[in-house]
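# Breakdown of the fold
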Amino acid sequence: SCSRYFGYVHTVEEAMTVMKQYKLDTTTRFSCFKSNVLQLYGGLKVVRQHPFSKPRKVYFKDTSISFDGTPFYIIGTKAFDCKHGPDRKKIFKSKLENAKNKNEDHDCPKRRFLPQNTVKFDCPAQIRLSEVIKFPDYKISDDKERSRRDMSMKLKIDIAKGDQPAYERRIYIQLPKEDQHKDHAIGEVGSILQPIDKLLTKKIELLVGEGVKTVHEMKRHLKSYVKNELFASEKPPPTTNRRYYPTDMDIRNCMYRASVKFILSKIDQENLEKNIDVWRERYPEDRFFFRPYTVSPENPALEEGDGEVEADITQNLLFIHQTMWQKRLLARYGNKIKLLDTTYKTMRYELPLFFIVVKTNVNYLVVGSCIIQRETTASIEEALGILKCWNHSWEPKYFMTDFCHEEINAIENTFTDTTTYICDFHREQCWERWLRKTDNGLSKSREDVLLLLRNVAKSTTEKEFEENVKLLKKQNFWLTSPELRKWFENTWLVEAKCSITFPEWQWDSLPKKYRENPHISLDQDLLFSCPLNDEHIAYEETSRQPLKEIKQSKQESQQHSRHN
């Protein structure tokens, strides 16, 4: 009723039909941003509110409802923004982005380049719905304040007495005109840019679960679904409308996300459990710990707005593995300094993969690995605790890790006498990334800033450290850049600790024979148990006898002495 852009219907289903037809005609999309009665228009599920459940204000006209003499209640309202309207979550997105960039050492930017990273163009177009209750028996003839006040009072008194006057329920709909849409295309041109409809996305998920594998076959099913089910008694939209006739790439992406949802099930976990049983039989001395993740049965998988799949997880996944030879290396080399290294996006599921690394006499080797669901202090601490139970004598004096508070807290909670240090490589990497960002305004003076930051990091005494910090704070880029001051003081200076060196591994402390012949393998047992010097290395120039043979000869000599 009324006009093309304003009128009323009597049911929520009719209101949704009007909105759907408007979106099809203009090839636009809308999202709810304001609702004071959320249950009124949540899809097609309707929960009616009784009009006399509580006292309400009586209206005779509103900003969008003209005067006709009949008083009414406003039961609920709902407003929809154009998809290209104002960004009402700008502050939330900014906080989320800052939280992601807070730990820059774990910054894994996506490779995809987006020349336009938002679809919000401040389009003013809106759809407004208002559910009202009209009382025709209390209609007045003239639009005067006294008449409105008297009739309003009479209606309130009657309802307060317990009377329930006859009423008519209406849902008023206010649609925007085509010229109200700004800074984006509508009509046939706009249809080319439409994202795929949610009903088609659900259909793709269903068909993927039933075994549809190819894009061509999926496309044929979707055409039939649009024609025979979505628009069975209506004229279907033109084939240029990407919302109902998606491109091959759209279909392929939806099929991939649907397959990920099916991957987030017990199937792969059951396969892993079976493999672990086989590995335990084949390698009985190796250690395995596996706890599968579980999800809420009411909400097994959710798809976020950016297309990523998120599950409602009730138990986090944890997998830990250590071989027998890794356990032996940990016992031999693990009580001096250990490294906790983390890799990301190396698996199909993009789960954090942790490696425990030690420095042996020849190289750095992994002596334990684990996969966790979430990179939290509790998860990492649990994994380290299990590894500690497997290796009772493991009490490392020092731990080195990247700049991650979750890892540092987990290490120090598990090993109370351990000191944790930040790896120089990750520190340099983090500084480089921060200074290269144009938003921080220091890309041109990056080398000068790095030079002074490195001097601070390489300070060997507290006095030298304070002098280097003072020198840094005197520089012009420090005084003119609040971003640099806030970042370095709040992120790095608070983490300052005394630097540590390991003199046993310094080149100058090694014996002369070793420095002149570095091809000799330096065994750590000999290095720590009996300090090496020119007399301890029985190196013969003519035979070039390696250290391994010397150690074997020494062991045989000791056995012979014990035997005697």
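Residues numbered from 1 in each chain as written. Predicted model: local features only at pLDDT ≥ 70, side-chain atom pairs only at ≥ 80, totals over all residues. Heavy atoms only, no water.

Moving on, we get to the overall build of the protein. Along its length, the protein carries 19 helices and 16 strands. Evaluated residue by residue, the protein yields a buried proportion of 38% over its 564 residues. For the protein, the proportion of contacts with a sequence separation of at least 24, taken over those separated by at least 6, is 68%. As presented, the protein carries roughly 33,900 Å² of accessible surface, and 51% of it is formed by carbon and sulfur atoms. (Helix = DSSP H or I, 4+ residues; strand = E, 2+ residues; numbered from the N terminus. Buried < 20%, exposed > 50% of the residue type's maximum accessible area, 1.4 Å probe, protein only. Contact = heavy atoms within 4.5 Å. Areas by Shrake-Rupley, 256 points an atom, 1.4 Å probe, with all protein chains shown as cover.)

Further remarks concern helix α5 (residues 198–209). Under the 1.5 Å per step criterion, the end-to-end length of α5 is 17 Å for 12 residues, consistent within 8% with the ideal 16 Å. All of the buried residues along α5 are Leu200, Thr201, Lys203, Ile204, Leu207 and Val208. The buried residues of α5 occupy an angular sector of 160° when the element is viewed end-on, so they sit on one face. Exposed residues lying more than 90 degrees from the buried face of α5 are Lys198 and Lys202. The distance from a side-chain oxygen at the start of α5 to the backbone nitrogen of Leu199 is 2.9 Å, and the residue carrying that oxygen is Asp197. A positive phi of about 110° marks Gly211, the residue just after α5. (Expected span 1.5 Å × (residues − 1). Arc of directions from axis to C-beta. Polar contact = N/O pair within 3.5 Å; in protein donor to acceptor, adjacent residues only side chain to side chain.)

Here we come to the side chain of Asp197. Structurally, Asp197 can be placed in the loop between α4 (187–191) and α5. Under the relative-accessibility criterion, Asp197 is labelled buried at 5%. Aside from chain neighbours lying at most four places away, what touches Asp197 is Arg243 and Tyr244.

All right, on to the sheet that holds strand β4 (residues 126–134) then. Read from one edge to the other, the open sheet built from 5 strands follows the order β1-β5-β4-β3-β2, with strand pairing classed as antiparallel. What marks the edges here is a single partner per strand, and that holds for β1 (6–9) and β2 (30–35). Strand-to-strand twist of the sheet, defined as the mean angle between neighbouring strand axes without regard to direction, takes the value 25°. By the bridge criterion, 7 bridges tie β4 to strand β5 (residues 168–174) in an arrangement that is antiparallel. In the strand pairing of β5, Lys134 is matched with Glu168. (Pairing = 2+ DSSP bridges. Axes fitted to C-alpha atoms, helices over the stretch in contact; angles between N-to-C directions.)

Looking now at helix α6 (residues 215–230). Restricting attention to buried positions, one finds in α6 the residues Val215, Met218, Leu222, Tyr225, Val226 and Leu230. Taken down its axis, α6 places every buried residue within 95° of arc, on the same side. Exposed and facing more than 90 degrees away from the buried side of α6 are His216 and Lys227.

Right, let's talk about the pattern of salt bridges for a bit. Throughout the structure, instances matching the rule amount to 21 salt bridges. Note that Glu432 is salt-bridged to Arg446, the shortest N-O span being 2.8 Å. Of this pair, Glu432 sits in helix α12 (residues 424–436) while Arg446 sits in helix α13 (residues 446–457); the two residues are 14 residues apart in sequence, bridging distant segments of the chain. Note that Arg446 and Glu447 form a salt bridge whose closest N and O atoms lie 3.3 Å from each other. Residue class for Arg446 comes out buried when judged on its relative accessible area of 15%. One continuous salt-bridge network, built from bridges that share partners, spans Arg427, Glu428, Glu432, Arg436, Arg446, Glu447 and Arg454. (Salt bridge = Lys/Arg side-chain N within 4 Å of Asp/Glu carboxyl O.)

Here Thr27, not a glycine, exhibits a phi torsion of approximately 50°, which is positive. Tracing the sequence through the fold places Thr27 in the loop between α1 (12–26) and β2.

The next thing to look at is the packing of α13 against helix α14 (residues 462–473). Interhelical geometry of α13 versus α14 gives an angle of 160° and a closest axis separation of 8 Å. Viewed along their axes, α13 and α14 adopt a mutual orientation that is roughly antiparallel. Regarding α13 and α14, the two cross each other, and that crossing is left-handed. Seen from α13, the contacting residues are Leu452, Leu453, Asn455 and Val456; seen from α14, they are Phe465, Asn468, Val469, Leu471 and Leu472. Grouping the constituent residues of the contact of α13 with α14 by class yields 7 nonpolar, 2 polar and no charged. (Parallel < 35°, antiparallel > 145°, perpendicular 65-115°, else oblique. Left-handed = near helix turned anticlockwise from the far one by under 90°. Nonpolar A, V, L, I, M, F, W, Y, C, P; charged D, E, K, R; others polar.)

A cluster of like negative charges, contributed by Glu270, Glu273, Asp277 and Glu281, occupies part of the molecular surface. Examined against the element boundaries, Glu273 turns out to sit in helix α8 (residues 266–282). (Patch = residues over 30% accessible without salt bridge, like charges linked within 9 Å, V, L, I, M, F, W, Y side chains within 5 Å. Lys, Arg positive; Asp, Glu negative; His and termini not counted. Charge placed at Lys NZ, Arg CZ, Asp CG, Glu CD.)

What follows concerns the nonpolar core. Grouped together as the largest cluster of nonpolar side chains are 23 residues, with contacts concentrated most on Ile320, Ile356, Leu384 and Trp394. Examining the composition of this core, we find that 6 residues originate from one element, helix α10 (residues 377–390), more than from any other. When neighbours within four sequence positions are excluded, Trp394 is seen to be in contact with Leu330, Gly334, Asn335, Lys338, Ile356, Leu384, Leu387, Lys388, Phe399 and Phe415. Among the nonpolar cores identified, the runner-up in size contains 20 residues, and Tyr225, Leu230, Cys254 and Ala258 belong to it. (Core = buried A, V, L, I, M, F, W, Y, C linked by side-chain atoms within 4.5 Å.)

A separate point is the sheet that holds strand β16 (residues 419–422). Taking strand neighbours across the sheet as the criterion, the 7 strands line up as β6-β11-β14-β13-β12-β15-β16 in an open arrangement whose pairing is mixed. Here the strands that pair on one side only, and so sit at the sheet edges, are β6 (287–291) and β16. The mean angle between the axes of side-by-side strands here comes to 20°, regardless of whether they run parallel or antiparallel. Lying on the sheet, helix α9 (residues 324–333) is in contact with β6, β11 (318–322), β12 (337–343), β13 (353–359) and β14 (364–372); it crosses β14 at an angle near 115°.

So, about the packing of α5 against α6. Two elements in contact, α5 and α6, have axes separated by 11 Å at closest approach and are oriented at 130°. Overall, the two elements α5 and α6 adopt an arrangement that is oblique. α6 is crossed by α5, and the crossing has right-handed handedness. On α6, the residues touching Leu199, Leu200, Lys203, Ile204, Leu207 and Val208 of α5 are Met218, His221, Leu222, Tyr225, Val226, Glu229 and Leu230. By residue class, the composition of the contact of α5 with α6 is 10 nonpolar, 1 polar and 2 charged.

With 76% of its residues at a pLDDT of 70 or more, the protein shows a mean pLDDT of 77. Within the protein, the element-level pLDDT minimum falls on helix α18 (residues 524–529), averaging 38, and the maximum on β11, averaging 93. Confidence over residues 513–551 falls short of pLDDT 50; this stretch has 61 contacts with residues more than four positions distant or in other chains. (pLDDT = per-residue confidence, 0-100.)

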